[in-house]
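Each chain is listed here by its residues.
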Amino acid sequence: MSKNCRKTILATGGAGYIGSHVVLELLQAGFDVVVIDNCSGSSMEGLKRVEKLSGKKVHAYQVDLVNKAAIQEVFKKHEVYCVIHMASLKGVGESWKRPFDYYKVNLFSCMNLIEVMSENNVFNLIFSSSATVYGTPKVLPLVETLETGGCTNPYGRTKFFQEQILKDICQADKRWNVTILRYFNPVGAHESGLIGPVGNPYNIMLYVALVTVGRRDQLQIFGNDFDTPDGTGVRDYIHVVDLAKGHLAAISKLEEHRETQPNIYNLGTGTGISALDIVAAFEKSAGKKIPYEIVGRREGDVATIISDPSKANRELGWKAERRVQDMCDTLWNFQSKNPHGYTEG
Ligand code: WQD
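A quick note: this is a predicted structure, and the numbers were derived from the prediction, not measured.

Draft legend 1. Spatial organisation of the side chain of Thr232. Residue position: Thr232 is located in the loop between strand S8 (219-222) and strand S9 (234-235). For Thr232, the side chain forms a polar contact with the side chain of Asp230, separated by 2.6 Å. Contact partners of Thr232, with chain neighbours within four places excluded, come to Ile221, Gly223, Asn224, Phe226, Ser274, Ala275 and Leu276.

Written out as structure tokens, the structure is:
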């Protein structure tokens, strides 16, 4: 029997794009999985497909983490070994339009979760953070020891503040055992084509996919005058399955790496890919040209963001394996099979 059996992982945001891929990996690794998700940016349909893929049941609760009592009800029903906190409002652009909602939802959710975990003697926590906490890079590639906090948007600041909260509670209470995973640019989909990104196309890859299935007219490329090889923005795109496997690796090291401060890891490939590279790779996947126009830069965009993932490679025994063509192939496979996401028609 798997060493993970009878260990229950609570995944907040587990019905979402990243969350559903993480939940699938957890089930396939033998964990029992409980999901809390308010489904504001996701659908329980994703979890139904995860159950189909894994052949296992997910204990799913449509609960809002701003409702502390509702979280407590879930903890009464399950003996949780570790929480993976992925639930979040996550649109950089949207966060400028409704900053207070972002602070209230993201920070209250985190604090409620911490309180209920502590009241139930659960102190193992893996937190989904973001490369956005590095702000505008002064040196590349980005390593975990770099100063953070120069975030250029409210969304990034909510991730930065949550990291600070977790660092301070770890310092004050040695029972806490926290791992912070800083995601770079998660893209792609599970090879089955059953689960993938749904909802608002905040990011370029999903936008390109929607253009390709005719749900958006054309891609706008935000600037080609950056100091990069082809002038368009360069990012560290990581396949969502590699990202999900990074969470498994983090769980496996939870007991080994107990520190008085959170263990922090970049989850990226260390490879920079430009916006035009994405277009070219996706055209190859879809076998069709993608209409785009070059427009002005987007507020707050920087030229290049690339991770140094060597600490995660070394300490977690994890390394991203999938390359950009696989990211595009798997996303096209999902999008072409689900042109309207999880809703039919
Ligand atoms: C990538 C590149 C754009 C859209 C964001 C969040 C980050 C993380 C990942 C959550 C840039 C260009 C984009 C478009 C374009 N999310 N682009 N046309 O901004 O690097 O990161 O998502 O944690 O926190 O900030 O991702 O996909 O929006 O942009 O030309 O329609 O594509 O200028 O160079 P970003 P992105």
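Now that the structure is up, let's keep going.
Draft legend 2. A look at the site of the ligand. Close to the ligand lie 18 residues, the nearest being Thr132, Tyr155, Gln220, Arg235 and Asp301. In this structure, Thr132 approaches the ligand through a side-chain N or O atom, which is 2.4 Å from an oxygen atom. Within the contact set of the ligand, an oxygen atom lies 2.8 Å away from a side-chain nitrogen or oxygen of Asn203. Burial of the ligand by the surrounding chains reaches 90%, relative to a free accessible area of 680 Å². Among the elements that make up the shell around the ligand, the one with the highest residue count is S8 (four residues).

Draft legend 3. Seen up close, the confidence of the model for the protein chain. This prediction gives the protein chain a mean pLDDT of 95; 98% of its residues lie at or above 70. Scored as a complex, the prediction yields pTM 0.96 and ipTM 0.96.

Draft legend 4. Looking closely at helix H6 (residues 154-172). Taking 1.5 Å per residue as the helical rise, H6 with its 19 residues ought to reach 27 Å, and the 27 Å between its terminal C-alpha atoms agrees with that figure. Of the positions making up H6, those classed as buried are Pro154, Tyr155, Gly156, Thr158, Lys159, Phe160, Gln162, Glu163, Leu166, Lys167 and Cys170. The inward-facing, buried residues of H6 abut strand S4 (80-85), helix H4 (92-97), helix H5 (99-119), strand S5 (124-130), strand S6 (177-183) and strand S11 (263-267).

Draft legend 5. The pattern of salt bridges, seen in detail. For the coordinates displayed, the defined rule picks out 16 salt bridges. The residue Glu256 makes a salt bridge to Lys253 at a minimum N-O spacing of 3.6 Å. On the basis of relative accessibility, which here comes to 22%, the residue Lys253 falls in the partly exposed class. Here the residues in one salt-bridge network are Lys68, Glu115 and Glu119, joined through shared partners.

Draft legend 6. Representation of the pairing of S6 in the model. The buried count for S6 comes to seven of seven residues, which makes it a mostly enclosed element. Residues Asn177, Thr179, Leu181 and Tyr183 line one face of S6 and the alternating positions Val178, Ile180 and Arg182 line the opposite face, and both faces are buried. In this structure, S5 lies alongside S6, joined through seven bridges in parallel fashion. Pairing of Leu125 across the sheet is with Val178, part of S6. Taking the sense of rotation as the criterion, the β-α-β connection linking S5, H6 and S6 turns out right-handed. By the bridge criterion, five bridges tie S6 to S11 in an arrangement that is parallel. In the sheet register, Thr179 faces S11, and the bridge partner there is Asn263.

Draft legend 7. Representation of the environment of His257 in the model. Here His257 shows up in the loop between helix H8 (240-252) and S11. Residue class for His257 comes out buried when judged on its relative accessible area of 15%. Distance from His257 to Phe222, taken between C-alpha atoms, is 41 Å for residues 35 residues apart in sequence. In contact with His257, not counting residues within four places along its chain, are Asn177, Asn263, Tyr265 and Glu315.

Draft legend 8. Structural detail: a nonpolar patch on the surface. There is a patch of nonpolar side chains on the surface, built from Val66, Phe108 and Met111 and spanning about 250 Å² of accessible area. Position of Val66 relative to the elements: it lies in the loop between strand S3 (59-61) and helix H3 (68-77).

Draft legend 9. Geometry of H8. End to end, H8 covers 19 Å across 13 residues, agreeing with the expected 18 Å (1.5 Å per residue, within 8%). Counting buried positions along H8 yields 10 of 13 residues, so the element is predominantly enclosed. What H8 keeps buried is the set Val240, Val241, Asp242, Leu243, Ala244, Gly246, His247, Ala249, Ala250 and Ile251.

Draft legend 10. The sheet that holds S11, seen in detail. The sheet built from seven strands is open, its strands ordered S3-S2-S1-S4-S5-S6-S11 with parallel pairing. Each edge of the open sheet carries a strand with a single partner, namely S3 and S11. Put simply, the sheet's adjacent strands are angled 20° from each other on average, direction ignored. Across the face of the sheet, H3 comes into contact with strand S1 (8-12), strand S2 (32-36), S3 and S4 while running at roughly 165° to S2.

Draft legend 11. Representation of unusual backbone geometry in the model. In the segment running from Leu140 into Pro141, the intervening peptide bond is cis, with an omega of -5°. As for its position among the elements, Pro141 is in the loop between S5 and H6. For Cys39, which is not glycine, the phi dihedral falls at a positive 60°. Within the secondary structure layout, Cys39 lies in the loop between S2 and helix H2 (44-54). Note on Cys39: relative accessible area 16%, which makes it buried. One non-glycine residue with positive phi stands out, namely Asn121, at about 55°. Residue placement: Asn121 occurs in the loop between H5 and S5. Since its relative accessible area comes to 57%, Asn121 is described here as exposed.

Each value, and the rule that gives it
Residues numbered from 1 in each chain as written. Predicted model: local features only at pLDDT ≥ 70, side-chain atom pairs only at ≥ 80, totals over all residues. Heavy atoms only, no water. Helix = DSSP H or I, 4+ residues; strand = E, 2+ residues; numbered from the N terminus. Polar contact = N/O pair within 3.5 Å; in protein donor to acceptor, adjacent residues only side chain to side chain. Contact = heavy atoms within 4.5 Å. Near = heavy atom within 4 Å. Areas by Shrake-Rupley, 256 points an atom, 1.4 Å probe, with all protein chains shown as cover. pLDDT = per-residue confidence, 0-100. Expected span 1.5 Å × (residues − 1). Buried < 20%, exposed > 50% of the residue type's maximum accessible area, 1.4 Å probe, protein only. Salt bridge = Lys/Arg side-chain N within 4 Å of Asp/Glu carboxyl O. Pairing = 2+ DSSP bridges. Right-handed = clockwise from strand over helix to strand, strands pointing away. Patch = residues over 30% accessible without salt bridge, like charges linked within 9 Å, V, L, I, M, F, W, Y side chains within 5 Å. Axes fitted to C-alpha atoms, helices over the stretch in contact; angles between N-to-C directions.

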